[in-house]
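Observations on the model geometry
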Amino acid sequence: MEKSKEREVKDGYMEKLVKLNRVSKVVKGGKRLSYSALVVVGYGDGRVGYGFGKANDVTEAIRKATEKAKAGIVTIPLKGNTIPHDIIGNFKSASIVLKPAVPGTGVIAGGAVRLVCDACGIKDIISKSLGSRNSINMVKATFDGLTNLFDAGKIAKNRGKSLKEMWS
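Conventions adopted
- Residues numbered from 1 in each chain as written.
- Predicted model: local features only at pLDDT ≥ 70, side-chain atom pairs only at ≥ 80, totals over all residues.
- Heavy atoms only, no water.
- Helix = DSSP H or I, 4+ residues; strand = E, 2+ residues; numbered from the N terminus.
- Buried < 20%, exposed > 50% of the residue type's maximum accessible area, 1.4 Å probe, protein only.
- Contact = heavy atoms within 4.5 Å.
- Areas by Shrake-Rupley, 256 points an atom, 1.4 Å probe, with all protein chains shown as cover.
- pLDDT = per-residue confidence, 0-100.
- Pairing = 2+ DSSP bridges.
- Core = buried A, V, L, I, M, F, W, Y, C linked by side-chain atoms within 4.5 Å.
- Lys, Arg positive; Asp, Glu negative; His and termini not counted.
- Salt bridge = Lys/Arg side-chain N within 4 Å of Asp/Glu carboxyl O.
- Polar contact = N/O pair within 3.5 Å; in protein donor to acceptor, adjacent residues only side chain to side chain.
- Axes fitted to C-alpha atoms, helices over the stretch in contact; angles between N-to-C directions.

Digging into the overall build of the chain
Scanning the chain from N- to C-terminus turns up five helices and nine strands. From first element to last, N terminus to C terminus, the chain shows the α and β order β-β-β-β-α-β-β-β-β-α-β-α-α-α. Here the C-alpha coordinates of the chain stretch approximately 70 × 35 × 30 Å along the principal axes. A burial count over the chain gives 39% of its 168 residues as buried. Contacts in the chain between residues at least 24 apart in sequence constitute 53% of all its contacts with a sequence separation of at least 6. When the accessible surface of the chain is summed, it comes to about 9,700 Å², and 51% of that surface belongs to carbon and sulfur atoms.

Structure below.
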């Protein structure tokens, strides 16, 4: 039961439901149903986070996932509407190749990677999923790649040079 919903919340962040899963546990009296939710939260300016919540009710699972996502927000360095350089993100058997794209390309990504890029504010990117297509592992692999991006301004400052000296 895979869905992708978007909700705009008053604090200025986007909440995107990546996956909602119904889980049943067989007990003596029958089946006990519970739900797990994977949510991505982003402000559209490079700040994004994800959370995974489980509960006996759908709304409670989404609420828990959203709280965990807001608590784990990271800042991604952006270069305009794209990422600064190519990167490969890995998590278990899922690998995601992320490449910057020229303006007007759009988000060429599928499923979970697209939702993370939209929440982050990335408008132009090319991606390729390698290995596992599990949406939880894809989100974690995407975050691995995005958090390992280099920020050109920080590197130039650490080297004691200006951005113009670095790029000339």
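More follows now that the structure is in view.
Points about the confidence of the model for the chain
Chain-level pLDDT for the chain is 91 on average; 93% of the residues reach the 70-or-more range. The secondary-structure element of the chain with the lowest mean pLDDT is strand β1 (residues 5–8), recorded at 60, while strand β4 (residues 47–55) shows the highest, at 97.

Overview of helix α2 (residues 111–120)
α2 sits mainly inside the fold: seven of its ten residues count as buried. For α2, the set of buried residues is A112, V113, L115, V116, C117, A119 and C120. Looking at the residues trailing α2, positive phi occurs at G121, about 100 degrees.

Considerations on the pairing of strand β3 (residues 30–42)
One ladder, built from 13 bridges, connects strand β2 (residues 14–27) with β3; its direction is antiparallel. Its bridge partner lying in β3, K16 is registered against V40. Where β2 folds back onto β3 in an antiparallel hairpin, the turn is made up of two residues. Across eight bridges, β3 lies against β4 in antiparallel orientation. Residue pairing across strands places G42 opposite V48, the latter belonging to β4.

A short note on the nonpolar core
Within soluble globular proteins, side chains that are nonpolar tend to cluster in buried spots. Counting 27 residues, the largest nonpolar core has L98 and L146 as its most contacted members. Taken together, the elements giving at least two residues each to this core come down to β3, β7 (94–100), α2 and α3 (135–147). If one sorts the elements of this core by residue count, α2 sits on top with seven residues. Those residues in contact with L98, other than ones at most four positions away along the chain, are I83, H85, D86, I87, V113, I125, I126, S127, T142 and L146.

A short note on the side chain of D124
In this structure, D124 sits in the loop between α2 and β9 (125–131). As a buried residue without a salt bridge, D124 has its nearest oppositely charged side chain in K123, at a separation of 8.7 Å. Side-chain polar atoms of D124 contact the backbone nitrogen of G106, separated by 3.0 Å. In contact with D124, not counting residues within four places along its chain, are N81, T82, A101, V102, P103, G104, T105 and G106.

Considerations on the sheet that holds β9
Spatial ordering of the open sheet is given by β6-β7-β9-β8, a layout of four strands whose pairing is mixed. The open sheet has two edge strands, β6 (87–91) and β8 (107–108), and neither has a second partner. Helix-sheet contacts for α3 involve β6, β7 and β9, and the interaxial angle to β6 is about 140 degrees.

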